[in-house]
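# What the coordinates show
Single-letter residue listing:
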Amino acid sequence: MPLTPGHFTSRTLRQAPWGPAVARILAAAIAAVEPGAAVEAAIQRRGSRLAIAGREYDLDQVRRVFLVAVGKASAPMAQAAAQILGSRLSGGVVITKDAYSESPLPSLLRLLQAGHPLPDERSVQAAQQVTALLEEAQPGDLLLALISGGGSALLAAPASGIHLQDLQALTAALLACGADIHAINTLRKHLDQLKGGGLARQAAPAQVAALILSDVVGDSLEVIASGLTAPDPSTFSDALQILRRYGLLELTPPAILARLRAGERGELPETPKPGDPLFAQVHNAIIASNRQAAQAALGQAQAEGFQGLLLTTCLQGEARQAGRALAALLQQASAGRAPLSRPLCLLAGGETTVTLRGSGLGGRNQELALGAVSELAGLPNLALLTLATDGGDGPTDAAGAAVTGETLARAQQLGLDPTAYLARNDAYHFFAALDDLLKPGPTHTNVNDLTFLFAF
């Protein structure tokens, strides 16, 4: 079911006169990156002619068409592709996150659910089914890969000597230390048989067409879902350097260290690199991104009467610090020094990180919002809203939160100290007490995060 403005609600949005307009802006961002529509725009079939993101295939020359879809958007992507391919689709596997599988699929597609953000036994079993499907690939076959964020955890094929528990422990340590997704996925690519171009390698000699929703800053093909179908420029040495940078060598399972060091010594084959002939048979195309969602939101903001400006789609760094920096822009608006006249909507997209210092509950979007609370205190007619475009921020049922100049005063009336909640990484319970969490539910898409800055 498509998200509507009614899915975006909190105490602030319900009570503020500008709430309905803001809800419509948020809904427009998600609608613009609806994965089924993105697939339909990317694939055209006319008789035996099949065009996939600008590359044409003659179905009269194709033996069989298989489908592998993995990620939070995989179910609606697979549904759209199956409708277009019709009887030419020979089968496939669809792997998604729990509660992200509402799209009806034809019986020839096997729908699986697996663990996220940590891989689980179901992730391993899903990878086994994908590998079994790829083993059937022959010359003349075409594999349609539909890839979206979350795929790294949902599909786990541990390299020889590596156990699932090793991957879980390392992933948890990387998430806790504030490592960005580029660093995390560099390690994943050197510990897994399907990542870092491994899926394309196993599909050979079949052709591969990959349609991809980007959930990473910069839209790097080799990072999205750990680059299942993309060449990997990173090395075993890079992976070890990341462990050193974050002080994780002593926390890394011995089997993982042994593999990375063996690879650094040249005793193990590297992931396929740019220029590898393997990729002559592979066509990768990004069909939805953070910028697309942001531009749609700005278009809706302008229709609502706001002056709009996209600040960046490369927002990174510690979430709480990003919240303070973005709040400073709203402080300028309060002082009449904003780049646009009121009412205005400034927008920042990207993906921040959280270094875990406490045992609270939250996610990077909620922590960013919490970081802005004290900075906006007492300033009238301003709002900051954060949104994980997949509908789930961290291990919570919230996508983000809403902050205004009144948030701190309301919190103090309830005995809530934002500094104390930040210290224990407990943004979820801070905003839950204020009824200012955004809970749209699973959006079935995933193009990173958006932060909205409003001055009314």
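It should be emphasised that the depicted structure is a prediction, and the values quoted were computed from it without experimental measurement. (Residues numbered from 1 in each chain as written. Predicted model: local features only at pLDDT ≥ 70, side-chain atom pairs only at ≥ 80, totals over all residues. Heavy atoms only, no water.)

### Quick word on the side chain of S152
Heads up, the rule is: Secondary structure elements are taken from DSSP: a helix is a run of H or I of four residues or more, a strand is a run of E of two residues or more, and numbering for both begins at the N terminus. Contacts described as polar in this section are N or O atom pairs within 3.5 Å, which, within protein, must combine one atom able to donate a hydrogen with one able to accept it, while residues neighboring in sequence count only if both atoms come from side chains.
Note that S152 resides in helix α6 (residues 151-154). Within the structure, S152 has its side chain in polar contact with the side chain of S226 (distance 2.6 Å).

### A few points about the packing of helix α3 (residues 35-42) against helix α4 (residues 74-85)
This is how the line gets drawn: Orientation is described by lines fitted to C-alpha atoms, with helices fitted over the stretch in contact, and by angles between N-to-C directions that extend from 0 to 180 degrees. By definition, turning the near helix anticlockwise from the far helix through less than a right angle yields a left-handed crossing, and turning it clockwise yields a right-handed one. Two residues form a contact once any of their heavy atoms are found within 4.5 Å. Classes in brief: Ala, Val, Leu, Ile, Met, Phe, Trp, Tyr, Cys and Pro nonpolar; Asp, Glu, Lys and Arg charged; the others, Gly included, polar.
At a minimum axis distance of 7 Å, the contact between α3 and α4 shows a crossing angle of 35°. Regarding α3 and α4, the two cross each other, and that crossing is right-handed. In contact with P35, G36, V39 and E40 of α3, α4 contributes P76, M77, A80, A81, Q83 and I84. Class assignment for the residues of the contact of α3 with α4 results in 7 nonpolar, 2 polar and 1 charged.

### Looking at the packing of aromatic side chains
This is how the line gets drawn: Working definition: a ring pair exists when centres of Phe, Tyr or Trp rings (six-membered ring for Trp) sit within 6.5 Å. Plane angles under 30 degrees give stacked, over 60 give edge-to-face, the rest tilted. Residue burial is assigned from relative accessible area. The probe radius is 1.4 Å, only protein chains are included, and a residue is buried under 20% of its type maximum, exposed over 50%, and partly exposed in between.
In total, this model carries 7 aromatic pairs according to the counting rule given. When the ring of F306 is compared with that of F454, the centres are 5.4 Å apart and the planes differ by 65°; the resulting orientation is edge-to-face. Highlighted residues: F306 in the loop between α12 (290-303) and β10 (307-315) and F454 in strand β15 (residues 449-455), separated in sequence by 148 residues. Like F306, the residue F454 is buried in the burial classification. Note on F454 and F456: the rings are 5.7 Å apart at their centroids and 10° apart in plane angle, and the pair reads as stacked. In this structure, F454 and F456 share a single accessibility class: buried. An aromatic cluster of at least three residues, connected via ring pairs, comprises W18, F306, F452, F454 and F456.

### Things to note about the side chain of K97
For clarity, the cut-off: For the purpose of charge, His is not counted, nor are the chain termini; Lys and Arg are scored as positive and Asp and Glu as negative. We count a salt bridge whenever a side-chain nitrogen from Lys or Arg sits within 4 Å of a carboxyl oxygen from Asp or Glu.
Within the secondary structure layout, K97 lies in strand β5 (residues 89-97). An unpaired buried charge is present at K97: no salt bridge exists, and D390, the closest side chain of opposite charge, is 5.4 Å distant. Among all residues touching K97, those that are not within four sequence positions of it are K72, Q113, A114, H116 and L154.

### Brief notes about the sheet that holds strand β8 (residues 207-213)
Strand pairs in the sheet, formed through backbone hydrogen bonds, run parallel or antiparallel to each other. Going by this rule: The pairing criterion is simple: DSSP has to find at least two bridges between the two strands.
Within the open sheet, the 6 strands sit side by side as β6-β5-β4-β7-β8-β9. Their pairing is parallel. Lying at the two open borders of the sheet, with one neighbouring strand each, are β6 (109-114) and β9 (282-288). Strand-to-strand, the axes of this sheet are offset by a mean angle of 15°, without reference to chain direction. Relative to β8, strand β7 (residues 142-147) runs parallel, the two sharing 6 bridges. Pairing of L142 across the sheet is with Q207, part of β8.

### Section: the pattern of salt bridges
Applying the stated criterion to the full structure yields 20 salt bridges. The salt bridge partner of R63 is D141, with a shortest N-O separation of 3.0 Å. Of this pair, R63 sits in the loop between β3 (55-58) and β4 (65-70) while D141 sits in the loop between α5 (121-134) and β7, and the two are 78 residues apart along the sequence. Residues R265 and E267 are paired through a salt bridge, measuring 2.8 Å at the closest nitrogen-oxygen approach. Taking relative accessible area as the criterion, R265 reaches 54% and is therefore assigned exposed. One network of salt bridges, in which partners are shared, links K189, D232, E270 and K273.

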